[in-house]
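Fold and geometry: a report
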Amino acid sequence: MADLKSYINTLNDLKFEDMYQNDFFLTWEKTFDELKATWTVADALRYLRSHNISTKVFDSGLGISLFRDNSTRTRFSFASACNLLGLEVQDLDEGKSQVAHGETVRETANMISFMADVIGIRDDMYIGKGNTYMHEVANSVEQGYQDGILEQRPTLVNLQCDIDHPTQAMADALHCIHEMGGIENLKGKKIAMTWAYSPSYGKPLSVPQGVVGLFTRLGCEVVLAHPEGYEIMPEVEGVAKKNAAESGGSFKRTNSMAEAFKDADIVYPKSWAPFAAMEKRTRLYGEGDTEGIKALEKELLAQNAQHKDWCCTEELMKTTKDGKALYLHCLPADINDVSCRDGEVEASVFDRYRDPLYKEASYKPYIIAAMILLEKFKNPQKVLEELEKRGKNRIFEA
């Protein structure tokens, strides 16, 4: 862990001014300097907290969270990030709000934002809907601010949408940066983002899409592996190819898990639903076709069951670089004979990587806090410097 001055010096060499009073939707919409600033601020906040220095930059204010899908890690990471900076969290439960009675997005966005500084949204289940909704919320509060309704413009953090899971991918990358000894050491590393069997259906595409969309920015040799019929969004593949060409890395797709694992430095076996099926499910929900949804679920479970051999096994791990590839997962994983009979990973593999997996997850609160800090403060270097100078103990010491 470097000292705070080194983090501030790194920030001084980066251009990230456009993050101020802005939102964080997709990683590939950010410049490389902006991504690096996010990782740097995350590390700086972690440094301060580890040295018992309070990082509360807000004396009051709200962080509004809206989760349209189940969540443990991301929900608590957002709450932890807001608390780290001094914000209280208020969950928006749409079932208990006027949204259920037809309140418009514009009205809801403004009504919840009178004293809010940040809004975090998870809306990942329906193709073409989640990211669009987030933009509608952001546009609504921007208009409210411009019209003088809101005293401040709440910034938005994408806590997972139908396209990307930026807080997860950024935390994954920061974990790899530390494990590999620096961001420069990721260049040329092979990462296998592979589909893996799950006894459930409908897992979002945003994790694999977030990984291929981000790690191709780092000069990695990214291999996307899945059985035929489990394609991700074609436009995200296009983003990955473009990123790889610009960074000096590579992007490749294969229908062989073994090929992806061969000599890989990092492996990320994770189930997801086929893009075409997710599109169909979105249409069925829009039409209110309950029977059609049940039929689709049955069809997809049967399709998954044909690929139980897509599992992260000890044998496959032996084929990775020196048999010691870094195993990643966003959690919870489907673990053979633990959480299910057949799943994404053998129990012995998961157990061996349990501590690194938990460490991987631990970066997410700091990533979210860094996104908020960069969006809300024009000069984060000065903020960090003043926090250290103030030296207020996070935990009281007599």
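These numbers were taken from a predicted model, which means no experiment stands behind them.

Looking at the packing of aromatic side chains
Counted under the stated rule, the structure contains six aromatic pairs. Ring centres of W195 and Y230 lie 4.5 Å apart, and the angle between their planes is 45°; on these two criteria the pair is classed as tilted. Here W195, found in the loop between strand 5 (190-194) and helix 7 (206-215), pairs with Y230, found in the loop between strand 6 (221-225) and helix 8 (234-247); they are 35 residues apart in sequence, far enough to count as distant. The exposure classification of W195 matches that of Y230, with both residues buried. Note on Y327 and Y353: the rings are 5.7 Å apart at their centroids and 50° apart in plane angle, and the pair reads as tilted. In this pair, Y327 is assigned in strand 9 (residues 326-327) and Y353 in the loop between helix 13 (347-352) and helix 14 (354-362), connecting sequence segments 26 residues apart. Each member of the pair Y327 and Y353 is classed as buried. Cluster of aromatic residues (ring-pair linked, three or more members): W195, Y230 and W310.

Quick word on the pattern of salt bridges
This model, assessed by the stated rule, comprises 23 salt bridges. The partner of D123 in a salt bridge is R68, and the shortest N-O contact between them spans 2.7 Å. Linking D123 in strand 3 (residues 116-123) with R68 in the loop between strand 1 (62-67) and helix 3 (73-85), this pair joins segments that are 55 residues apart in sequence. With a relative accessible area of 5%, D123 lands in the buried category. You can call R68 partly exposed: its relative accessible area is 34%.

Concerning empty space enclosed by the protein
Evaluation of the coordinates by the stated rule reveals three cavities of 30 Å³ or more. In this structure, the largest cavity occupies an estimated 60 Å³ of space. When contributions to the lining of the largest cavity are tallied by element, the ones reaching two or more residues are strand 1, helix 4 (105-111), strand 3 and helix 5 (130-146). No other element matches the three residues that helix 4 contributes to the lining of the largest cavity. In terms of residue class, the lining of the largest cavity is made up of 10 nonpolar, one polar and no charged.

A look at the layout of surface pockets
Within this model, the largest pocket holds a volume of roughly 450 Å³. Lining the largest pocket are 24 residues, and of these D69, N70, R122, L331 and P332 sit closest to its centre. A breakdown of the residues in the lining of the largest pocket according to their chemical character gives seven nonpolar, eight polar and nine charged.

Considerations on the side chain of Q168
One can find Q168 in helix 6 (residues 166-179). What Q168 contacts, discounting residues up to four positions off in sequence, is Y268, C330, E360 and K364.

Definitions and limits used
- Residues numbered from 1 in each chain as written.
- Predicted model: local features only at pLDDT ≥ 70, side-chain atom pairs only at ≥ 80, totals over all residues.
- Heavy atoms only, no water.
- Phe/Tyr/Trp six-rings, centres within 6.5 Å; stacked < 30°, edge-to-face > 60°.
- Helix = DSSP H or I, 4+ residues; strand = E, 2+ residues; numbered from the N terminus.
- Buried < 20%, exposed > 50% of the residue type's maximum accessible area, 1.4 Å probe, protein only.
- Salt bridge = Lys/Arg side-chain N within 4 Å of Asp/Glu carboxyl O.
- 1 Å grid on protein atoms, 1.4 Å probe; cavity = no way out; pocket = protein on both sides within 12 Å on 5 of 7 lines; lining within 4 Å.
- Points joined across faces, edges and corners; volume = space filled by probe spheres on them.
- Nonpolar A, V, L, I, M, F, W, Y, C, P; charged D, E, K, R; others polar.
- Contact = heavy atoms within 4.5 Å.

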